[in-house]
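Survey of secondary and tertiary structure
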2 protein chains.
Amino acid sequence: MVSDSVLLALQRATHHTLQALTAALADLDLTASEIDTLANLADGRSRNVRELSLDTGTRSTTLTGVLDRLERRGYVTRELDPGDRRSFRLTLTGPGRTAARKVRAAVTELEATALAGLSARQLAGYHAVVSALQEVS
Amino acid sequence: MVSDSVLLALQRATHHTLQALTAALADLDLTASEIDTLANLADGRSRNVRELSLDTGTRSTTLTGVLDRLERRGYVTRELDPGDRRSFRLTLTGPGRTAARKVRAAVTELEATALAGLSARQLAGYHAVVSALQEVS
DNA sequence: TATTGTTATACTCTATAACTATA
DNA sequence: TATAGTTATAGAGTATAACAATA
């Protein structure tokens, strides 16, 4: 394994955790992108597509389809932003908040399980590295 | 941004770095999975599909298509493993090694740029966390 | 019986470009 | 002119199940 590379380790961890997460949330029948979107919206704050795109690292063209499905499902609403009528405020509905809470719970549990033996210092190092990586593009 | 979550930060960093990497390697005309596969094979060691699947976190059904394209392109060969004739040894060809070297160079450069200001201790923390995450599934 | 890898299917994600509406 | 978001298209990734060959 080429685990000395920061980026290869990142890819590997992403794929493995995504599979674990979709399996843990199988009863909600969500795709990885839908899970990611709900987890980001879970704080209850409204966002527009551009902000969600930055938060998830997903392109707006991809988010259109993801949001279509979440909206059709009654989890998310798109409302015209009166302040800038080119954009929408994305907001969770009641059922959307319920689903998002389950997603966050699964995320939290997976993190707690995986990271049980690690120190705060190691976690701080992790966050410093991923923050630096995410700013390359 | 919900940057306090280890998993959300992981997703975000993955998407952003993948876009930067495919852009940096645009002249090779490779997809993200092809880049990941070449980067993993770049050490010159032969692997079978199962090992590559563990290294990348990608399913074997997905790898079949990725390897088909890399093979058609003359970058990778599949040879029956005499020791276990259910599986193949995947090996880079000459042109494959050249492409893989470019991929690794781009990976290395991106890492060097992004992580310039970080300490060895922070990097060690990062590796501890991603290793722990990758073992959840 | 279990494992390796491929095939098949249907759906989702991605890249790119073009487009509308608004700023 | 620039930005927000959608649409369109084609190709790539994903999950699932079924399958042949080998162990």
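Our structure is the block above this text.
In what follows, the accompanying structure is described.

Definitions and limits used
- Residues numbered from 1 in each chain as written.
- Chains lettered and ligands numbered in written order.
- Predicted model: local features only at pLDDT ≥ 70, side-chain atom pairs only at ≥ 80, totals over all residues.
- Heavy atoms only, no water.
- Helix = DSSP H or I, 4+ residues; strand = E, 2+ residues; numbered from the N terminus.
- Buried < 20%, exposed > 50% of the residue type's maximum accessible area, 1.4 Å probe, protein only.
- Contact = heavy atoms within 4.5 Å.
- Areas by Shrake-Rupley, 256 points an atom, 1.4 Å probe, with all protein chains shown as cover.
- Lys, Arg positive; Asp, Glu negative; His and termini not counted.
- Charge placed at Lys NZ, Arg CZ, Asp CG, Glu CD.
- Polar contact = N/O pair within 3.5 Å; in protein donor to acceptor, adjacent residues only side chain to side chain.
- Least-squares fit on C-alpha atoms with pLDDT ≥ 70 in both.

Quick look at the overall build of chain A now. Counting its secondary structure elements, chain A contains six helices and two strands. Starting at the N terminus and ending at the C terminus, chain A contains elements arranged as α-α-α-α-β-β-α-α. Overall size of chain A, expressed as C-alpha extent along the three principal axes, is 50 × 35 × 25 Å. Expressed as a percentage of the 137 residues in chain A, the buried residues total 47%. Across chain A, every contact between residues at least 6 apart in sequence was considered, and the portion connecting residues at least 24 apart equals 49%. When the accessible surface of chain A is totalled, it reaches about 6,500 Å², and 51% of it is carbon and sulfur. Treating the 17 positive side-chain charges of chain A as one cloud and the 16 negative ones as another, the clouds have centres 2 Å apart.

Quick look at the side chain of Asp55 of chain B now. By the secondary structure assignment, Asp55 of chain B is in helix α3 (residues 49–56). Reaching out from Asp55 of chain B, the side chain makes a polar contact with the side chain of Arg47 of chain B at a distance of 3.0 Å.

It takes a turn of 180° to lay chain A on chain B, together with a shift of 0.0 Å along the axis; the resulting RMSD is 0.0 Å. The symmetry that links the two subunits is that of a two-fold axis. Every residue of chain A has its C-alpha some distance from the rotation axis, and the shortest such distance is that of Tyr126 of chain A, at 1.9 Å. A high fraction, 100%, of the interface residues of chain A reappear at the interface in chain B, so the copies pair face to face through one surface.

Bear in mind that shape data such as this cannot, by itself, settle questions of function.
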